[in-house]
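Coordinate analysis (summary)
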Amino acid sequence: MHLTSLQTIGIIVAVALGTMITRFLPFLLFPEHKKIPEYIEFLGKALPTAMMGLLVVYCLKGVNIIKGSHGLPELLAIGVILILHRLKNNVLLSIGGGTIVYMLLVQLVF
Amino acid sequence: MKKALKEAFPHTIPILTGFLFLGMAYGVLMKTKGYGPVWSVLMSAVAFCGSMQFVAIALLTTVFQPLQAFLLSIMVNARHIFYGISMLSKYRGLGKMRYFLIYVLCDETFSITYGVEPPEGVERRYFYFAISLLNYLYWVFGTLIGGIAGNFITFNTEGLDFVLTALFVVLFLEQWKKKENRVMGVVGIMCSILSLLIFGADQMVIPAMILIVLCLSGGRKKLCI
């Protein structure tokens with residue numbers, strides 16, 4: 001441990017406070033008893049799909065197309081997910097199948 | 001409540017896998033830096049913020065800088081603001097329970113509570129609560145195992161963390177099924193890639209969020225939702 005116990009607790013509290021501001025802010029700004037402004041309501045409907053797109057890209061941000069495996073394991077595994085999901089339409093199967101293919105690829109092939 | 005847990009559990013299985021694995025990795029990593037399970041579990045239970053906890057390891061191994069920790073976690077976690085905006089109407093009228101739901105609103109919980117409709121016969125708030133609680137416990141429990149026994153894992157887990165990427169891909173596809181969502185999906189992906197190319201992997205999230213809001217607001221009249 002680099003820090004003392006008290007300092008460690010200080011860092012934990014600081015990280016928690018920062019995180020909780022980001023989580024509670026919208027709910028504090030637009031409390032239950034107030035009507036949600038139209039524009040915010042629009043964002044509430046438009047943002048989720050866009051944010052899931054962001055999360056996908058965010059998860060893949062470390063992939064290097066130029067070096068190493070050129071992002072091929074990721075590309076192939078996502079391909080498998082797309083096909084599985086199209087054919088079977090089963091969330092767990094698609095996630096499990098894609099993950100297993102990815103693990104096999106990075107452990108055995110690349 | 002029991003029924004809600006039973007109905008919610010299958011939806012959380014990918015997160016069980018991902019969180020146990022990553023939580024354990026976190027517990028092990030903290031241990032190698034001299035912070036035993038008490039500290040890693042405390043961080044996971046109180047701050048519960050995944051990637052930021054990994055970032056915070058750097059803050060625990062240098063001089064004491066609480067203000068920097070505070071500001072950094074706002075920036076790293078800024079995306080939560082958008083989850084909150086998306087959940088404003090779904091999390092209305094849930095009583096005191098909503099404080100817990102908001103406290104633990106992470107990427108994975110957001111994607112499921114937003115994407116999955118509560119099944120019939122299960123009260124909405126219990127369903128959300130069950131998903132949020134399970135995901136929270138997976139992360140804390142994973143951290144605990146990692147902190148105590150992380151070094152005993154022998155099977156090759158390389159690539160297991162892809163389960164969360166797969167989860168987001170599939171939940172994205174589920175949104176894609178609704179035709180009116182597709183434009184938003186494309187906007188999200190394109191803005192994120194653009195931001196990744198311009199600002200790099202470590203700085204991409206906030207610029208991507210700004211770009212997304214600008215694009216969506218610009219096309220508001222055409223989106224007709």
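Everything discussed here concerns the structure shown above.
A brief look at the structure comes next. (Residues numbered from 1 in each chain as written. Chains lettered and ligands numbered in written order. Predicted model: local features only at pLDDT ≥ 70, side-chain atom pairs only at ≥ 80, totals over all residues. Heavy atoms only, no water.)

1. Examining helix H1 (residues 5–29) of chain A
Over its 25 residues, H1 of chain A extends 35 Å from the first C-alpha to the last, a length consistent with the 36 Å expected when each residue adds 1.5 Å. Roughly 40° is the biggest bend found in H1 of chain A, and it falls at Arg23 of chain A, with proline Pro26 of chain A one to four residues downstream. (Helix = DSSP H or I, 4+ residues; strand = E, 2+ residues; numbered from the N terminus. Expected span 1.5 Å × (residues − 1). Bend = angle between axes of the 7 residues up to and from the residue.)

2. Section: the packing of helix H5 (residues 79–87) of chain B against helix H7 (residues 107–115) of chain B
Residue and element names in this part refer to chain B. Two numbers describe how H5 lies on H7: the axes approach to 11 Å, and their chain directions differ by 20°. Between H5 and H7, the angle falls in the class roughly parallel. Helix-helix and strand crossings are classified by hand; for H5 and H7 the assignment is left-handed. Between H5 and H7, the residues in contact are Arg79, Tyr83, Ser86 and Met87 and Asp107, Phe110, Thr113 and Tyr114, respectively. (Axes fitted to C-alpha atoms, helices over the stretch in contact; angles between N-to-C directions. Parallel < 35°, antiparallel > 145°, perpendicular 65-115°, else oblique. Left-handed = near helix turned anticlockwise from the far one by under 90°. Contact = heavy atoms within 4.5 Å.)

3. Focus on a nonpolar patch on the surface
Residue and element names in this part refer to chain A. Judged by side-chain polarity, Leu72, Leu75, Leu76, Ile100, Leu104, Leu108, Val109 and Phe110 come together as a nonpolar surface patch covering roughly 810 Å² of accessible area. Only helix H3 (72–88) and helix H4 (91–109) provide two or more residues apiece to the nonpolar patch. Relative to the elements of secondary structure, Leu75 occurs in helix H3. (Patch = residues over 30% accessible without salt bridge, like charges linked within 9 Å, V, L, I, M, F, W, Y side chains within 5 Å. Areas by Shrake-Rupley, 256 points an atom, 1.4 Å probe, with all protein chains shown as cover. Salt bridge = Lys/Arg side-chain N within 4 Å of Asp/Glu carboxyl O.)

4. Examining the packing of aromatic side chains
To describe a pair of aromatic rings, you give the distance between the ring centres and the angle between the ring planes. Residues and elements named next belong to chain B. Tallying each qualifying case throughout the model produces 13 aromatic pairs over all chains. Plain terms: the ring middles of Phe100 and Tyr136 are 6.1 Å apart, the flat faces sit at 80° to each other, and that makes the pair edge-to-face. Note that Phe100 is positioned in helix H6 (residues 97–103) and Tyr136 in helix H8 (residues 124–149), a separation of 36 residues in sequence. Overall, the relative accessible area of 24% leaves Phe100 in the partly exposed class. By relative accessible area, Tyr136 is classed as buried at 16%. (Phe/Tyr/Trp six-rings, centres within 6.5 Å; stacked < 30°, edge-to-face > 60°. Buried < 20%, exposed > 50% of the residue type's maximum accessible area, 1.4 Å probe, protein only.)

5. Things to note about the nonpolar core
Core analysis: the largest hydrophobic core is formed by 82 residues, its most contacted members being Leu47 and Met51 of chain A together with Phe19, Tyr91, Phe110 and Leu216 of chain B. Ranked by residues supplied to this core, first place goes to helix H2 (residues 38–59) of chain A with 13 residues. Each residue touching Phe110 of chain B, except ones within four places of it in the same chain, is listed here: Pro48, Met51 and Met52 of chain A together with Tyr83, Ser86, Met87, Leu105 and Gly115 of chain B. Counting 20 residues, the second-largest nonpolar core is a separate cluster that includes Met30, Tyr35, Cys49 and Ala69 of chain B. (Core = buried A, V, L, I, M, F, W, Y, C linked by side-chain atoms within 4.5 Å.)

Read these as spatial facts, not as claims about activity.
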